[in-house]
Amino acid sequence: MNPSLLDAAKAAASNAHAPYSGFGVGAALLLDDGSIVTGCNFENASYGLSLCAEAVALATLNAQGKLRQLREVGIVGGALKDGAIGGKAPVRPCGRCRQILNEAAQLARTDLIVHCASADLSVVEKHRLSDLLPFSFGPQDLGLVQDD
Ligand SMILES: [Zn+2]
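Residues numbered from 1 in each chain as written. Predicted model: local features only at pLDDT ≥ 70, side-chain atom pairs only at ≥ 80, totals over all residues. Heavy atoms only, no water.

1. Topic: the overall build of the chain
(1) Moving on: Counting its regular elements, the chain contains 4 helices and 6 strands.
(2) Moving on: Helices and strands appear in the chain in the N-to-C order α-β-β-α-β-β-α-β-β-α.
(3) Moving on: Scaling as 2.2 N^0.38, a compact globule of 148 residues should have a C-alpha radius of gyration of about 15 Å, and the chain matches this with 15 Å.
(4) Moving on: Taken along the three principal axes of its C-alpha coordinates, the chain extends 50 × 35 × 30 Å.
(5) Moving on: Counting all 148 residues of the chain, 42% fall into the buried class.
(6) Moving on: Sequence-distant contacts, at least 24 apart, represent 66% of the contacts inside the chain between residues at least 6 apart.
(7) Moving on: For the chain, the exposed surface amounts to about 7,500 Å²; the carbon and sulfur share of it is 55%.
(8) Moving on: On the chain, the mean spot of the 12 positive side-chain charges and the mean spot of the 15 negative ones are 3 Å from each other. (Helix = DSSP H or I, 4+ residues; strand = E, 2+ residues; numbered from the N terminus. Rg over C-alpha atoms; globule rule 2.2 N^0.38 Å. Buried < 20%, exposed > 50% of the residue type's maximum accessible area, 1.4 Å probe, protein only. Contact = heavy atoms within 4.5 Å. Areas by Shrake-Rupley, 256 points an atom, 1.4 Å probe, with all protein chains shown as cover. Lys, Arg positive; Asp, Glu negative; His and termini not counted. Charge placed at Lys NZ, Arg CZ, Asp CG, Glu CD.)

Structure follows, in structure tokens:
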């Protein structure tokens, strides 16, 4: 793993707009050229409109036209206190984000590696997206084949 991937995710988490949950999450996407794109959760007073860190990072990657370069994901999160996250439990992507990651992974033609870490980085799990989202739904289920 790129050692700076989780550091980048943790730094992004400190920018989370999470006044309702008080739980900051940062996501960092590692591309095939070694560059990193980050996102953090962006909550809304209308709770259902809130965006997860992974979704924000992937939307940024999409805006850059680089979805096909995605290789790995790092996720770090924890309770916010004084602008920093804390906690010893790893944060894993929610179900919606697993589906969004799956779409990007199919475009990138890879079974994404997903690193899930605690805020203090003392616990780091390494998963394949196919393990986090078995029997996934994707473009192939709509009869669409991904072309380059
Ligand atoms: Zn999510």
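2. Notes on the side chain of Asn-41
(1) Moving on: Within the element layout of this structure, Asn-41 appears in the loop between strand E2 (36–40) and helix H2 (53–63).
(2) Moving on: Overall, Asn-41 belongs to the buried group, its relative accessible area being 7%.
(3) Moving on: When near neighbours in sequence (up to four residues on either side) are disregarded, Asn-41 contacts Ala-16, His-17, Ala-18, Phe-23, Gly-24, Val-25, Leu-51, Cys-52 and Ala-53.

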